[in-house]
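# Summary of structural features
Spelled out, the chains give:
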Amino acid sequence: MSNDDAFDGAPVRWRGINHLALVTNDMDTTVRFYHGVLGARLLATIGTPGFRHYFFEIGPQNSVAFFEYAPSASEPFAKPAGVPDARAAQFDHVSFNVADEAALTELRDRLKSADCEVTDVVDHGFIRSIYFTDPNGIALEASWWVVDVTAHDVDMSDERVFGDSDPVPAVVELAETGQVASYPHTRLV
């Protein structure tokens, strides 16, 4: 479908992630890690005989949530962030945003004091990050924007943040015309 046939051009008014739904086989340990270790306030719970669904705050109106199915047929596995794994075709890791480098360092210290393994700060140029894993084996990252690309208009000529020397065609279209020339079609599963 071409852009001319699709939309009026008005941007969607995104406000972040309402909730990212993940899976756990142990909700108690998940609460202890996300609320206790990470300090992500437990916001809400849903429970039935067949499942639990708990929500943790990661920012204003932004949360990460977990499903625990009873009995669970899932087999958890762990993988480091950014390392390909055939079992994780649609998901690599979650990165939580923190305010600044001091907050990143404080979180790193908090994880270490809870005896959680965590990397040193990794400098990616426009963001700095730490990496760790939750008790479910989910790869996590915490990052702060060194160059806050969310605070100003996008400048695709800024090589600090647009560093791919061979971008995909959609990025070329955006750089040249400010929009993509076509959209993919999707279906409910």
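Above this text you will find the structure in question.
What you see is a predicted model, and the numbers here were worked out from it, not measured in a lab. (Residues numbered from 1 in each chain as written. Predicted model: local features only at pLDDT ≥ 70, side-chain atom pairs only at ≥ 80, totals over all residues. Heavy atoms only, no water.)

## Focus on the overall build of the chain
Looking only at helices and strands, one finds three helices and eight strands in the chain. Tracing the chain from N to C terminus, the helices and strands come up as β-α-β-β-β-β-α-β-β-β-α. Looking at the chain as a whole, 26% of its 189 residues are labelled buried. Only carbon and sulfur atoms are counted for the fraction: they give 55% of the accessible area of the chain, which is about 12,900 Å². (Helix = DSSP H or I, 4+ residues; strand = E, 2+ residues; numbered from the N terminus. Buried < 20%, exposed > 50% of the residue type's maximum accessible area, 1.4 Å probe, protein only. Areas by Shrake-Rupley, 256 points an atom, 1.4 Å probe, with all protein chains shown as cover.)

## Side note on the pattern of salt bridges
Within the structure shown, the criterion is met by seven salt bridges. With its nearest N and O atoms 2.5 Å apart, the salt bridge here joins Glu68 to Arg52. Here Glu68 is found in strand E4 (residues 62–69), whereas its partner Arg52 is found in strand E3 (residues 51–59), with 16 residues between them in sequence. Taking relative accessible area as the criterion, Glu68 reaches 12% and is therefore assigned buried. The closest approach of N and O atoms between Asp123 and Arg128, which form a salt bridge, is 3.4 Å. The class of Arg128 is partly exposed, set by a relative accessible area of 21%. By sharing partners, the salt bridges in this structure join Glu101, Asp123 and Arg128 into a single network. (Salt bridge = Lys/Arg side-chain N within 4 Å of Asp/Glu carboxyl O.)

## Thoughts on the side chain of Ser129
If you trace the backbone, Ser129 turns up in strand E7 (residues 127–133). A relative accessible area of 0% places Ser129 in the buried class. In terms of polar contacts, Ser129 uses its side chain to reach the side chain of Glu141, at 2.5 Å. Those residues in contact with Ser129 that lie beyond four places of it in its chain are Leu104, Asp120, Val121, Val122, His124, Glu141, Ala142 and Ser143. (Polar contact = N/O pair within 3.5 Å; in protein donor to acceptor, adjacent residues only side chain to side chain. Contact = heavy atoms within 4.5 Å.)

## Describing the sheet that holds strand E5 (residues 94–97)
Strand order in the open sheet formed by four strands is E5-E8-E7-E6, and the pairing between neighbours is mixed. Two strands lie at the open edges of the sheet, namely E5 and strand E6 (122–123), each paired on one side alone. Sheet topology places E6 next to E7; two bridges connect them, and they run antiparallel. Directly across from Val122, in E7, lies its bridge partner Ser129. Each of E7 and strand E8 (139–145) touches helix H2 (residues 101–113); the most contacted strand, E7, lies at about 15° to it. (Pairing = 2+ DSSP bridges. Axes fitted to C-alpha atoms, helices over the stretch in contact; angles between N-to-C directions.)

## Concerning the packing of aromatic side chains
Applying the stated rule across the entire model yields seven aromatic pairs. Measuring from ring centre to ring centre gives 5.6 Å for Tyr34 and Phe56, while their planes differ by 35°; the resulting arrangement is tilted. On the criterion of sequence distance, the pair formed by Tyr34 in helix H1 (residues 27–37) and Phe56 in strand E3 is long-range, its members being 22 residues apart. A relative accessible area of 1% means that Tyr34 is categorised as buried. You can call Phe56 buried: its relative accessible area is 0%. Judged by centre distance (6.3 Å) and plane angle (75°), the rings of Phe56 and Phe66 are edge-to-face. One end of the pair, Phe56, is in strand E3; the other, Phe66, is in strand E4, and ten residues separate them in sequence. The exposure classification of Phe56 matches that of Phe66, with both residues buried. One aromatic cluster is present, formed by Phe33, Tyr34, Phe56 and Phe66 through successive ring pairs. (Phe/Tyr/Trp six-rings, centres within 6.5 Å; stacked < 30°, edge-to-face > 60°.)

Everything listed here is a matter of coordinates, which is why it stays silent on function.
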